[in-house]
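Residue-level structural notes
Here's the letter readout for the chains.
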Amino acid sequence: MRVHTAEDRNRLANDIAESCFEVLAARQDLGEIPCIVLTGGGMGEASLRAMGTHPDGDRIAWDRVRFLWGDERWVPARSSDRNDRLADELLFAHRDVDAALVHRIGSSDSGRSLDDAARAYAEVVDGIDRIDVVLCGVGPDGHVASLFPGREDLLGTEAPAALPVRNSPKPPPERVTLSIPALQRGESVWLLATGAEKAPAVRGILSAEQGLPAAIVEGRAETVVWTDRLALGA
Ligand SMILES: O=C(O)[C@H](O)[C@@H](O)[C@H](O)[C@H](O)COP(=O)(O)O
């Protein structure tokens, strides 16, 4: 595991964007379509903003990047609470992406049930042969995506790629989340945690705390904690 720190949240988001561009460009140079899993949350938002506006992003062929989400809130498609709205406003409004490569999680007004939406998303994820980068915002309790500590129903290592979530401790209560095995398919798993309220979670990650989702999820090639002094308790 590697720890990357920056002076403040914006500089950290810039570093995340630059590293992300490197991964995307390297895969595209090989003629591949890279795949990135996006996240919600405060650092997720800052990272999307940097990816949408950083001048280095101009060298990426954005219409040859595949996008997934680590989780989504089970609300109507146009709700401002959705995680994909962040990406719409901060990334897709600035980059010329191919809608066919943007794989959104279903919405509560789609006419489908939560269980069906999770099953459908699991099929999408299963159909993708390589996941390059998984961005995971880390909650103060050490959750990632919508995988919460103590929720044995969500933390199975044999689970399908996507799961329905009910009674989430973070509102809204219903969600769809990628599972541990799906997040672990990422070549790079990047855990984003800044600010003093994330210090216990970061301590838990660094000490490999048992049962802590953020400490369980590891990338195939690398796991990086993107953080700042406050979250490191320094
Ligand atoms: O629904 C959400 O908000 C995300 O799915 C959640 O996993 C988020 O990324 C973390 O809770 C971190 O969020 P903050 O960075 O805002 O604390």
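Chains are numbered independently. Their residues run from 1 in the order of the written sequence. Restriction of local features to residues with pLDDT of at least 70 applies here, the model being predicted, together with a cutoff of 80 or more for giving and counting side-chain atom pairs; totals for whole chains, interfaces and linings are based on all residues. The basis for every side-chain value is the complete set of non-hydrogen atoms in the structure, without hydrogens or water.

As annotated in an unreviewed UniProt entry, the protein chain carries the name 6-phosphogluconolactonase and is attributed to Leucobacter tardus. UniProt positions are given in the numbering used here, feature names are shortened, and annotations may be inferred rather than shown by experiment. The heading Catalytic activity (unreviewed entry) in the UniProt record of the protein chain holds the text "6-phospho-D-glucono-1,5-lactone + H2O = 6-phospho-D-gluconate + H(+)". Quoted verbatim from the Function (unreviewed entry) field of UniProt, the annotation for the protein chain is "Hydrolysis of 6-phosphogluconolactone to 6-phosphogluconate."

Throughout, an axis means a line fitted to C-alpha atoms (over the contacting stretch in the case of helices), and angles, computed between N-to-C directions, take values from 0 to 180 degrees. Strands here mean DSSP runs of E at least two residues long; helices mean DSSP runs of H or I at least four residues long; both are numbered from the N terminus. Here helix H1 (residues 9–29) crosses helix H2 (residues 42–53) at 60 degrees, and the two axes come no closer than 8 Å. In terms of their interaxial angle, H1 and H2 are classed as oblique. Between H1 and H2 lies a crossing of right-handed hand. Between H1 and H2, the contacting residues are Arg9, Leu12, Ala13, Asn14, Ile16, Ala17, Cys20 and Phe21 on the first element and Gly42, Met43, Ala46, Ser47, Ala50 and Met51 on the second. Here the contact of H1 with H2 is composed, by residue class, of ten nonpolar, three polar and one charged. Relative orientations are named as follows: roughly parallel for angles under 35 degrees, roughly antiparallel for angles over 145 degrees, roughly perpendicular for angles from 65 to 115 degrees, and oblique for any other angle. By the definition used in this description, the sense in which the near helix is turned from the far one sets the handedness, with an anticlockwise turn below a right angle giving left-handed and a clockwise turn giving right-handed. By definition in these notes, contact holds between two residues if any of their heavy atoms fall within 4.5 Å. For this classification, Asp, Glu, Lys and Arg are treated as charged, while Ala, Val, Leu, Ile, Met, Phe, Trp, Tyr, Cys and Pro are nonpolar and the rest, including Gly, are polar.

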